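# Topology and contacts: notes
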Amino acid sequence: MSDRPRLSITRELVAPVVDRAAQSYELWLNDDDHVLTGDELIARSHDSDALMICHSEILSKDVVANFSDRLKIVANYSVGVDHCDLDALKARGIVVTNTPDVLSDATAEIALLLLLGAARRAYEGDQMLRQGTWTHWAPSQMNGIQVTGKRLGIVGMGRVGQVVARRARGFDMEIHYCNRRPLPTEVAEGAVFHESIESLFQAVDMISLNCPATADNERMINAQSIEWMRDGAIFVNTARGRLVDEAALIKALQSGKLAAAGLDVFQTEPGGNPAFANLSNVFMLPHLGSSTRETRKAMGDRALDNLDAFFAGQEPLDRLV
Ligand code: 8YV
């Protein structure tokens, strides 16, 4: 029997990542790529020194409590870790890592795509062509909202938020942001700090959510905070669906309080919220934030770097607990 660590990779990852993992670990792979249930994750822990999981695998308190003592490390193939009960993992002495940095560019691309798509009515235009209803051209047809020169409010000016700001500056946007603390001047690059989302939302034309989901900010976008937004604002979410009260957002999109929304994440995934499909002012994608070939490989490399460090007796670069 090999003395290499046993690693279970719970979802189907790109081939270069699996090939690299196979060089250092005894692998268990999820052949049909189904989302492992809590019981299946517990079963895996009895046969694994390490798990590499995606945000689709839920490590609840109960699941973690029933993990085998054999399991030493969970390497997330994601930057967000709201699917993991970190306190429970810490209490069990299980090391947890994530994959920051490597997905910031890809996620920021999707944030800008959603912003532009929502503002310029990309969904409606696409539909018109596909349905063959583009029968005449008119100066009044499908007038959108210009993004260039507008004020963008970024909630969560971390790694992704900072890249969104940089890209948005390419559209001459004025950047405002809300964070726990103001950024150092050289990092802020002129972005205006707001202590509260109330102040931020009142000041900007367009909003991008780029903060992690925590126990404190669940449904931070709700009837009250939408009221703080400017009439006709545009809202974009590439962070997490649980940050949004979707019923309140739908109401605001129906009433015209918000001009449009661009959404990559939903309270219920997969599937999303069918009510959004009836709104032509919603431009949406199925959680594609980090889904580029380059980034999927980089995320795998980052997760493996963390595992390699751990099994070499070193501190993993992205250790969370
Ligand atoms: C990933 C994400 O695709 O990393 C994250 O937090 O939300 C996504 O972009 C996903 O989590 C992979 O597990």
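Below is a summary of the structure that appears in this document.

### Considerations on the packing of helix α1 (residues 15–24) against helix α12 (residues 293–311)
The axes of two packed helices give the description: the angle between them and the distance between them. Remark: α1 packs on α12, axes separated minimally by 9 Å, with the N-to-C direction vectors making an angle of 15°. Comparing their axes, α12 and α1 come out roughly parallel. As for the relative orientation of α1 and α12, their crossing is right-handed in sense. Here Pro-16, Val-17, Arg-20, Ala-21 and Ser-24 of α1 come into contact with α12, specifically with Arg-296, Lys-297, Gly-300, Asp-301, Leu-304, Asp-305 and Asp-308. Taken together, the residues of the contact of α1 with α12 break down into four nonpolar, two polar and six charged.

### Comments concerning the pattern of salt bridges
Per the counting criterion, the structure on display carries 25 salt bridges. Residues Arg-159 and Asp-101 are paired through a salt bridge, measuring 2.7 Å at the closest nitrogen-oxygen approach. Taken together, the residues span a long stretch of sequence, with Arg-159 in helix α7 (residues 159–169) and Asp-101 in the loop between β5 (95–97) and α5 (104–119) at a distance of 58 residues. Of the charged contacts, one joins Arg-130 and Asp-126 as a salt bridge, the two residues approaching to 2.5 Å between their closest N and O atoms. Taken as a pair, Arg-130 and Asp-126 lie in helix α6 (residues 122–130) at a separation of four residues, close to a single helical turn. The exposure class assigned to Asp-126 is partly exposed, which follows from its relative accessible area of 32%. A cluster of three or more residues bridged by salt bridges with shared partners is formed by Arg-6, Arg-44, Asp-47, Asp-49, Arg-70 and Lys-72.

### Description of the sheet that holds strand β7 (residues 174–178)
Strand pairing in a sheet is mediated by backbone hydrogen bonds. Such pairs are either parallel or antiparallel. Reading across the sheet, the seven strands line up as β8-β7-β6-β9-β10-β11-β12 and stay open at both edges, with parallel pairing between neighbours. At either end of the open sheet lies a strand with only one pairing partner, and these are β8 (192–194) and β12 (282–284). Here the average twist between neighbouring strands, direction ignored, is 20°. For strand β11 (residues 258–263) and β12, the ladder comprises three bridges, and the chain directions are parallel. Following the sheet pairing, Ala-261 is matched in β12 by Val-282.

### Digging into the site of the ligand
The environment of the ligand is made up of Cys-54, His-55, Tyr-77, Ser-78, Val-79, Gly-80, Leu-103, Arg-240, His-287, Ser-290 and Arg-296. Gly-80 places a main-chain nitrogen or oxygen 2.8 Å from an oxygen atom of the ligand. Between Arg-240 and the ligand, the recorded distance is 2.7 Å, taken from a side-chain N or O atom to an oxygen atom. Relative to its unbound accessible surface of 330 Å², the ligand loses 93% to contact with the protein. Of the residues assigned to the shell around the ligand, the class counts are four nonpolar, five polar and two charged.

### Things to note about the sheet that holds strand β1 (residues 6–9)
As summarised here, the arrangement of the five strands in space is β2-β1-β3-β4-β5, forming an open sheet in which the pairing is parallel. Looking at the sheet topology across the chains shown, the edges are occupied by β2 (26–29) and β5. If you compare each strand with its neighbour and ignore which way they point, the axes differ by 15° on average. In terms of strand pairing, strand β3 (residues 50–53) meets strand β4 (residues 73–76) through four bridges, oriented parallel. If you follow Ile-53 over to β4, its bridge partner there is Asn-76. Here α1 sits on the sheet and contacts β1 and β2; the angle it forms with β2, its principal contact strand, is near 140°.

### A short note on a negative patch on the surface
A grouping of Glu-12, Asp-31, Asp-32, Asp-39 and Glu-40 is seen on the molecular surface, where their side chains present a negatively charged patch. The exposure class assigned to Glu-12 is exposed, which follows from its relative accessible area of 58%.

### Comments concerning the environment of Phe-171
Looking at the secondary structure, you find Phe-171 in the loop between α7 and β7. Spatially, the C-alpha atoms of Phe-171 and Asn-143 are 19 Å apart, while their sequence positions differ by 28 residues. With sequence-adjacent residues up to four places away left out, Phe-171 is seen in contact with Leu-112, Leu-116, Val-147, Thr-148 and Gly-149.

Conventions we followed
Residues numbered from 1 in each chain as written. Predicted model: local features only at pLDDT ≥ 70, side-chain atom pairs only at ≥ 80, totals over all residues. Heavy atoms only, no water. Axes fitted to C-alpha atoms, helices over the stretch in contact; angles between N-to-C directions. Helix = DSSP H or I, 4+ residues; strand = E, 2+ residues; numbered from the N terminus. Parallel < 35°, antiparallel > 145°, perpendicular 65-115°, else oblique. Left-handed = near helix turned anticlockwise from the far one by under 90°. Contact = heavy atoms within 4.5 Å. Nonpolar A, V, L, I, M, F, W, Y, C, P; charged D, E, K, R; others polar. Salt bridge = Lys/Arg side-chain N within 4 Å of Asp/Glu carboxyl O. Buried < 20%, exposed > 50% of the residue type's maximum accessible area, 1.4 Å probe, protein only. Pairing = 2+ DSSP bridges. Near = heavy atom within 4 Å. Polar contact = N/O pair within 3.5 Å; in protein donor to acceptor, adjacent residues only side chain to side chain. Areas by Shrake-Rupley, 256 points an atom, 1.4 Å probe, with all protein chains shown as cover. Patch = residues over 30% accessible without salt bridge, like charges linked within 9 Å, V, L, I, M, F, W, Y side chains within 5 Å. Lys, Arg positive; Asp, Glu negative; His and termini not counted. Charge placed at Lys NZ, Arg CZ, Asp CG, Glu CD.

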